[in-house]
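# Structure at a glance
Residues per chain are reported as follows:
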Amino acid sequence: MPFIDFTAIVKEAWQAYDNTREIGHITDISAKVSTNHVYRVTFKDRSFIIAKLSYYGKYEHFVEDHSIINSLSNNLPAPFENFLARSLMKGNELFVYRFQNIILDAWVVFYRPIKIKNRLPRRLDEEQIMKLGEQVALFHKACDNIRNTLPTSSKTLKVDIDHLLHALETEEGKYEHRMHEDEIKKQSALFLENCEKINADAFHKIPVFVDWNIGNFSVSPSFRLYSRWDYDWFRMDSRMLDFYFLSRVVSDIGDRTVFSYYIGPLMEKRFLLFLTAYHEVYPLEEKEILFLKEAYRFFILNYVIKDGRYFFHEIFASKLQKEAYDIYLPSIEKDFNADIILKALNF
């Protein structure tokens, strides 16, 4: 992509939102991993807001997701009533600015600043793992309790897999996925077949954020969930989609700057400890444990293979997609054993 002055787009977006408050300066605070851009917009009076600019995915999905998240942030009961960063409204509607030219279709949303407490340590001890399991269970339970009050979502797992399969029939898709078309079709068929077997469509659809790496949320000194601010992979679906990243958070190896998406953390004793603590607060069902393998398969197919080159910066996308074909997908049937988890949870 040629050079684009993204800060100029953010300024343009703010002018459309409220041209009476003058911007002093804009600071890029992006994580530099994805194609999304995050900015701290500081005004002349030294107050500030956060701006997120994205051109990943579809504009309609971006608006839909943030509309659901805003309703969620308003409807969540204590102690999660201030857990999520809220987007700015204009009048009675969520404000989303759309910038379009012949090169770029990008969207800007503004967030109110959110208080941040403690980041998780890079490696958790067993007590911290159990506390985190309890907290995530309480959060999922709260989300489930209000799921029927939220706007509907058009995104489903099957729709995303269908989009991937459709991409294989396009000229661009044939070029990007050359040499791997058969493997993608095989893995997609396995996913759809196994989801049908366990009737995954019947699972409650709750708000899930998928990406729970430790840079996306904070906890209180007593290890309670305190704040969350990253919504890149938000969707309404089974709570099990959250568990792969949570397994990485509690993994024995801990947080790493060079990341990969190996299936191994799902089989670690530390993750079983996390699940045991979670299960005591908000019990899991046997079918959900069986679906955990498919949730991982979906993550690789959708976020690494289908969207990887659009979401991750090129150096990360190339590495992760190569590993997907060489390591991640072949490891699913070989390394995942639901019986180990079911036994640990006394099913």
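Residues numbered from 1 in each chain as written. Predicted model: local features only at pLDDT ≥ 70, side-chain atom pairs only at ≥ 80, totals over all residues. Heavy atoms only, no water.

### Some thoughts on helix α4 (residues 157–167)
Stated formally: Relative accessible area decides the class of each residue, using a 1.4 Å probe on protein chains only: under 20% of the type maximum gives buried, over 50% gives exposed, and in between gives partly exposed. To qualify as a helix, a DSSP run of H or I must reach at least 4 residues; to qualify as a strand, a run of E must reach at least 2; elements of each kind are numbered from the N terminus. Within this analysis, the arc is defined by the directions that extend from the helix axis to the C-beta atoms. Note on definitions: a residue-residue contact is assigned when non-hydrogen atoms from the two residues lie within 4.5 Å.
If you check which residues of α4 are buried, you get L157, D160, I161 and L164. Across the axial projection of α4, the buried residues extend over an arc of 95 degrees, all falling on one side. The inward-facing, buried residues of α4 abut α6 (181–197), β11 (235–237) and α9 (286–306).

### Structural notes on the nonpolar core
Buried together is how nonpolar side chains tend to be arranged in soluble globular proteins. For clarity, the threshold we go by: Nine residue types can take part in a nonpolar core, namely buried Ala, Val, Leu, Ile, Met, Phe, Trp, Tyr and Cys, and a core is a set of them joined through side-chain atoms within 4.5 Å.
L132, W233, Y261, F274, F299 and I300 are the most contacted members of the largest nonpolar core, which has 98 residues in total. Here this core gets 12 residues from one element, more than from any other, and that element is α9. Not counting chain neighbours up to four residues away, the residues in contact with F274 comprise I129, L132, G133, V136, F243, L246 and V250. Within the second largest apolar cluster, 23 residues are counted, among which are A13, W14, I26 and I49.

### Here's the deal with the pattern of salt bridges
As a reminder, the rule being used: We define a salt bridge as a side-chain nitrogen of Lys or Arg found within 4 Å of a carboxyl oxygen belonging to Asp or Glu.
Going through the model one piece at a time under the given rule, you end up with 17 salt bridges. Put simply, E193 and K197 hold a salt bridge, and the shortest N to O gap is 3.4 Å. On the criterion of helical spacing, the pair formed by E193 and K197 is a turn pair, its members being 4 residues apart in helix α6. K197 gets classed as exposed once you look at its relative accessible area, which sits at 60%. Taken together, the shared-partner salt bridges in this structure form one network comprising D160, R235, K306 and D307.

### Focus on helix α1 (residues 6–17)
The condition is simple: In a helix, the anticipated span is given by 1.5 Å times the number of residues less one.
In this model α1 runs 17 Å from its N-terminal to its C-terminal C-alpha over 12 residues, within 8% of the 16 Å that 1.5 Å per residue would give. What α1 keeps buried is the set F6, I9, V10, A13, W14 and Y17. Considered in projection along α1, the buried side chains sweep an arc of 140 degrees and stay on one side of the axis.

### What about the packing of aromatic side chains?
Heads up, the condition is: Two aromatic rings, drawn from Phe, Tyr or Trp (for Trp, its six-membered ring), form a pair once their centres lie within 6.5 Å of each other, and the interplanar angle then sorts them: stacked below 30 degrees, edge-to-face above 60, tilted otherwise. A ring has a charge above it when a Lys NZ or an Arg CZ is no more than 6 Å from the ring centre and no more than 35 degrees off the ring normal.
If you walk through the whole model with that rule in mind, you get 44 aromatic pairs. Each ring, one from F243 and one from Y278, has its centre 5.0 Å from the other, and the planes form 75 degrees; the classification is edge-to-face. Residue F243 is found in helix α7 (residues 243–249), and its partner Y278 is found in helix α8 (residues 269–281); the two are separated by 35 residues along the sequence. Note on F299 and Y303: the rings are 5.7 Å apart at their centroids and 40 degrees apart in plane angle, and the pair reads as tilted. In this pair, F299 and Y303 both sit in helix α9, 4 residues apart, roughly one turn of the helix. Like Y303, F299 is buried. Each member of the aromatic cluster is reached from another via a ring pair, and the members are Y56, F191, W233, Y244, F245, Y261, Y296, F298, F299, Y303, F311 and F312. We note R21 situated over the ring of F43; from NZ or CZ to the ring centre the distance is 4.2 Å.

### Brief notes about the pairing of strand β7 (residues 105–111)
Definition in use: Should DSSP find at least two bridges between two strands, the strands are regarded as paired.
Burial within β7 is extensive, with 6 of its 7 residues counted as buried. Note: strand β3 (residues 48–54) against β7, 5 bridges, orientation antiparallel. Note on β7: the bridge partner recorded for L53 is V108. Relative to β7, strand β6 (residues 96–100) runs antiparallel, the two sharing 5 bridges. What sits directly across from Q100, in β7, is D105.

### Looking at the sheet that holds strand β2 (residues 37–43)
Quick note on the threshold: To get an axis, a line is fitted to the C-alpha atoms, and for a helix only the part in contact is used. The angle between two axes follows their N-to-C directions and goes from 0 to 180 degrees.
Strand order in the open sheet formed by 5 strands is β1-β2-β3-β7-β6, and the pairing between neighbours is antiparallel. The open sheet is flanked by β1 (23–28) and β6, the only strands paired with a single partner. This sheet shows a mean twist of 25 degrees between the axes of neighbouring strands, independent of strand direction.

### Overview of the packing of α6 against α9
We apply this condition: Crossings are classed by handedness, with left-handed meaning an anticlockwise turn of the near helix from the far one by less than a right angle and right-handed meaning a clockwise turn. Under the scheme applied, nonpolar residues are Ala, Val, Leu, Ile, Met, Phe, Trp, Tyr, Cys and Pro; charged residues are Asp, Glu, Lys and Arg; polar residues are all the others, including Gly.
For the pair α6 and α9, the least separation of the axes is 10 Å and the interaxial angle reads 145 degrees. Note that α6 runs across α9; the crossing there is left-handed. On α9, the residues touching I184, Q187, S188, L190, F191, N194 and C195 of α6 are F291, E294, R297, F298, L301 and I305. Across the contact of α6 with α9, the residue classes break down as 8 nonpolar, 3 polar and 2 charged.

### Some thoughts on the side chain of R239
Where we set the bar: Nitrogen and oxygen atoms within 3.5 Å of one another constitute a polar contact, given that in protein one can donate a hydrogen and the other can accept it, and given that sequence-neighbouring residues count only through two side-chain atoms.
Relative to the elements of secondary structure, R239 occurs in the loop between β11 and α7. Side-chain polar atoms of R239 contact the backbone oxygen of Y282, separated by 3.3 Å. Of the polar contacts made by the side chain of R239, one reaches the side chain of E288; its length is 2.8 Å. Those residues in contact with R239, other than ones at most four positions away along the chain, are H140, I206, V208, Y278, Y282, P283, L284, E285 and E288.

### Comments concerning the side chain of Q187
Inspection of the secondary structure puts Q187 in helix α6. Residue class for Q187 comes out buried when judged on its relative accessible area of 3%. Within the structure, the side chain of Q187 is placed 2.6 Å from the side chain of R297, a separation counted as a polar contact. Ignoring anything within four residues of it in the chain, the contact list for Q187 reads R297, L301, L329 and I332.

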